[in-house]
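Results of the structural survey
The residues making up each chain are set out below.
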Amino acid sequence: MLGIIGAMAQEVEQLKQEMESPRIVTVAGMDFYQGRIEGREAVVVRSGIGKVNAAVCVQILADRFGVSGIVNTGIAGSLCAQIEIGDLVLSTDTVQHDMDATGFGYPVGQIPQMPVFSFPADERLRALAKKCCEKVNPGLGVFEGRIVSGDQFIASREKKDWLVREFAGICAEMEGAAVAQAAWLNGIPFLIVRAISDKADDSAAMDYDEFERQAILHSVRMTRELIAEYEG
């Protein structure tokens, strides 16, 4: 059974509406909708924005629902010139760009005492997501690479350039690496999927509202098909 996490209501509302006879469980202020989508059992939940909300949400999915895989959908800012607004990014791995323990000898982004620098996504989930996206969003750009996360909305070219230089990230957002860390700690396969809503630079403010709806639509189509084809 897949657990589907979205940070905002718009990201999960359509999936909830399509769910057959959902059972709603509220934990830590989050409403977990469990039921069938496209004939498959799934749990859909809005985590709220930010890394703490995301990590708490994953732990509840692990403890209360015993999910066999987690997909975190949402929107992000592009860090790569080739990735345009509306395109989808599938994570190869994730890093928390606002983790800074350099004073203790760790590289920026490294979580102290963790055995890995970044959290690798499940290759099988990523391959399936790519297949599903190509099926339901023909012609849409689909990219694979590192997603960087932090409790910051990236809206300056200077910060964008630093994220690319320091981490080789291809998009930036606010939850994915926390979802990844919590799933990794629980031994649950995961994938972070991001639809690009802005260019993560000085144009972000004017682009964001206009393209958010389109980005979410692409993500929902892919997620629906992923649930239908997932076996786990």
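Just above sits the structure.
These numbers come from a predicted model, not from an experiment. (Residues numbered from 1 in each chain as written. Predicted model: local features only at pLDDT ≥ 70, side-chain atom pairs only at ≥ 80, totals over all residues. Heavy atoms only, no water.)

Some points on the packing of aromatic side chains
- Within the structure shown, the criterion is met by 3 aromatic pairs.
- A ring pair is formed by Phe-119 and Trp-184, whose centres lie 5.7 Å apart and whose planes are at 65°; its orientation type is edge-to-face. Separated by 65 residues along the polypeptide, Phe-119 in strand E7 (residues 119-120) and Trp-184 in helix H5 (residues 176-185) bring together distant segments of the chain.
- Ring centres 5.4 Å apart and planes at 85° place the aromatic pair Trp-162 and Phe-167 in the edge-to-face group.
- Residue Trp-162 is classed as partly exposed on the basis of its relative accessible area, which comes to 22%.
- Residue classification places Phe-167 among the buried residues on the basis of a relative accessible area of 1%. (Phe/Tyr/Trp six-rings, centres within 6.5 Å; stacked < 30°, edge-to-face > 60°. Helix = DSSP H or I, 4+ residues; strand = E, 2+ residues; numbered from the N terminus. Buried < 20%, exposed > 50% of the residue type's maximum accessible area, 1.4 Å probe, protein only.)

Structural notes on the side chain of Asn-137
- Mapped onto the elements of the fold, Asn-137 is located in the loop between helix H3 (123-136) and strand E8 (142-149).
- When sequence neighbours within four positions are dropped, the list of residues in contact with Asn-137 reads Leu-88, His-218, Arg-221 and Met-222. (Contact = heavy atoms within 4.5 Å.)

Here we look at the pairing of strand E6 (residues 88-96)
- Counting buried positions along E6 yields 8 of 9 residues, so the element is predominantly enclosed.
- Here 8 bridges tie E6 to E8, and the two strands are oriented parallel to one another. Its bridge partner being in E8, Thr-94 is matched across the sheet by Ile-147.
- In this structure, E6 lies alongside strand E10 (residues 190-198), joined through 3 bridges in antiparallel fashion. Considered in E10, the bridge of Leu-88 is made with Ala-195.
- In this sheet, E7 lies alongside E6 in antiparallel orientation, the contact comprising 2 bridges. Looking at E7, one finds that Asp-93 is bridged to Pro-120. (Pairing = 2+ DSSP bridges.)

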